[in-house]
Amino acid sequence: MDTRHAYWDRVYTEKPETAVSWYELCPASSLDLILRNAPAKGNVIDIGGGASFLPDHLFEAGFDEVTSLDLSAVALARVARRLDRFRDRHRCIVADVTQWSPDKHYDVWHDRAALHFLTEPEDQRRYGAALRSALAPGGIAVIGGFAPNGPSRCSGLPVIQHDSASLLDMLGTEFKLLESIEHLHETPGGSKRIFCFSVISK
Ligand SMILES: C[S@@+](CC[C@H](N)C(=O)[O-])C[C@H]1O[C@@H](n2cnc3c(N)ncnc32)[C@H](O)[C@@H]1O
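Predicted model only: the values in this text are computed from it and were never measured.

Quick notes on the rules
Residues numbered from 1 in each chain as written. Predicted model: local features only at pLDDT ≥ 70, side-chain atom pairs only at ≥ 80, totals over all residues. Heavy atoms only, no water. Buried < 20%, exposed > 50% of the residue type's maximum accessible area, 1.4 Å probe, protein only. Helix = DSSP H or I, 4+ residues; strand = E, 2+ residues; numbered from the N terminus. Arc of directions from axis to C-beta. Contact = heavy atoms within 4.5 Å. Polar contact = N/O pair within 3.5 Å; in protein donor to acceptor, adjacent residues only side chain to side chain. Pairing = 2+ DSSP bridges. Right-handed = clockwise from strand over helix to strand, strands pointing away. Near = heavy atom within 4 Å. Areas by Shrake-Rupley, 256 points an atom, 1.4 Å probe, with all protein chains shown as cover. Nonpolar A, V, L, I, M, F, W, Y, C, P; charged D, E, K, R; others polar. Axes fitted to C-alpha atoms, helices over the stretch in contact; angles between N-to-C directions. Parallel < 35°, antiparallel > 145°, perpendicular 65-115°, else oblique. Core = buried A, V, L, I, M, F, W, Y, C linked by side-chain atoms within 4.5 Å.

Q: Looking at this structure, I do not really get helix H4 (residues 73–82). What am I missing?
A: Count 3.6 residues to each turn of an α-helix, and residues three or four apart come out pointing the same way. Among the residues making up H4, those that are buried are Ala75, Leu76, Arg78 and Val79. All buried residues of H4 fall inside an arc of 155° around its axis, so they share one side. Where H4 is buried, its residues meet helix H1 (3–14), helix H3 (54–60), strand E2 (65–70) and strand E3 (90–94). With a side-chain oxygen positioned 3.3 Å from the backbone nitrogen of valine 74, the residue opening H4 is serine 72.

Have a look at this one:
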């Protein structure tokens, strides 16, 4: 198996989803930004969604369909089990976003702390290409990762920090910024990590 898949499967095998440093019971910043900017309560794709509780909250808020895409089949199996009651409306895709071609359009692309692991320009280019082809006309992307004054590593791996300007620079000039916020995340261990979330559209 690809080493990226194996790495993340090991992370989720070794710890329950409530013990990983990025755990949040209610992903309030993501949820607020999606609710404020989504063109409709249609379909959302959560890129690098892992075992996040965002899909649970999106269904509660009335969204039609949520897709969780992640490298880790272990993480996705946990979300699928948790959301079994929504199995007709919750889809899981085990994939590396840099190798994935969307088969449909999404109203909302959400990514909290997945893009920031893509430190290679070629991976960033492929991420941008997937985003461009996945986004429905009028769709939005909510992308969050460590802010420029945040940590330089996450889960033992190096990350690239972004503010909204550097994110737009990386993704290309056809995207425009709708909103950006900073969010201070407290890990289960009590340390604090500063995130920057940007909402963009084509
Ligand atoms: C720090 S965790 C964040 C998980 C989730 N977004 C959350 O906020 O709870 C990063 C996640 O991104 C996934 N990931 C990392 N690189 C990825 C890639 N190239 N393609 C798809 N998923 C990726 C990992 O498997 C992991 O679940």
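The discussion continues.
Q: Even after reading the chapter, I still don't get the pairing of strand E9 (residues 192–201), so can you show me in this structure?
A: It is a general feature of regular strands that their side chains alternate between the two faces of the sheet. Burial of E9 is extensive: nine of the ten residues sit out of reach of the surface. Where strand E5 (residues 135–146) and E9 come together, seven bridges link them in antiparallel fashion. When the bridges of E9 are listed, glycine 145 appears paired with cysteine 196. In terms of strand pairing, strand E8 (residues 176–186) meets E9 through ten bridges, oriented antiparallel. Directly across from isoleucine 181, in E9, lies its bridge partner phenylalanine 197. Hairpin remark: E8 followed by E9, antiparallel, with five residues in the connecting loop; positive phi at glycine 190, about 95°.

Q: Would you explain the pairing of E2 in this entry?
A: Along E2, five of the six residues are buried, which leaves the element largely enclosed by surrounding structure. Between strand E1 (residues 43–47) and its parallel partner E2, the chain crosses via H3, and the hand of that crossover is right-handed. In this structure, E2 lies alongside E3, joined through five bridges in parallel fashion. Considered in E3, the bridge of threonine 67 is made with arginine 91. In this fold, the crossover linking E2 to E3 by way of H4 has right-handed handedness.

Q: Whenever I open this one, the site of the ligand confuses me. Can you help?
A: What surrounds the ligand is a group of 18 residues, the closest being Tyr12, Gly48, Asp70, Val97 and Arg112. Separating an oxygen atom of the ligand from a side-chain N or O atom of tyrosine 12 is a distance of 2.6 Å. In the model, an oxygen atom of the ligand is placed 2.6 Å from a nitrogen or oxygen of the arginine 112 side chain. In isolation the ligand offers 590 Å² of accessible surface; the protein chains occlude 97% of this area. Residues of the shell around the ligand, tallied by class, amount to eleven nonpolar, four polar and three charged.

Q: I'm lost on the packing of H1 against H4 in this one. Help?
A: To describe two helices that pack against each other, one gives the angle between their axes and the distance between the axes. It is at 7 Å that the axes of H1 and H4 come closest, and there the two elements cross at 50°. Put simply, H1 runs oblique to H4. Here H1 contributes Asp9, Tyr12 and Thr13 to the contact with H4, which in turn contributes Ala73, Val74, Ala75 and Arg78. Residue composition of the contact of H1 with H4, by class: four nonpolar, one polar and two charged.

Q: What exactly am I supposed to notice about the environment of serine 21 here?
A: You can see serine 21 is positioned in the loop between H1 and helix H2 (28–37). Considering only alpha carbons, one finds serine 21 and histidine 185, 164 residues apart in sequence, at a separation of 9.4 Å. Excluding residues that lie within four positions of it along the chain, serine 21 makes contacts with His185, Thr187, Pro188 and Arg193. Among the polar contacts made by the side chain of serine 21, one reaches the side chain of arginine 193 at a distance of 3.3 Å.

Q: I'm lost on the nonpolar core in this one. Help?
A: Note that soluble globular proteins tend to have their nonpolar side chains buried in a common cluster. Within the largest apolar cluster, 34 residues are counted, with the highest numbers of intra-cluster contacts made by Trp8, Ile34, Leu58 and Val142. Secondary structure elements with two or more residues in this core: H1, H2, H3, H4, E5 and E9. Contact partners of tryptophan 8, with chain neighbours within four places excluded, come to Trp22, Leu71, Ser72, Phe117, Ser155 and Leu157.

Q: Just checking my understanding: could you explain unusual backbone geometry for this structure?
A: Trans peptide bonds make up most of the peptide bonds, and negative phi angles are found at most residues other than glycine. The phi torsion at alanine 113 lies on the positive side, around 70°, for a residue other than glycine. If you trace the backbone, alanine 113 turns up in the loop between strand E4 (106–112) and helix H5 (121–134). The class for alanine 113 is buried, based on a relative accessible area of 13%. Phi at serine 155 takes a positive value of approximately 50°, unusual for a residue other than glycine. Within the secondary structure, serine 155 sits in the loop between strand E6 (153–154) and strand E7 (157–158).

Remember that the coordinates give geometry; whether it matters functionally is a separate question.
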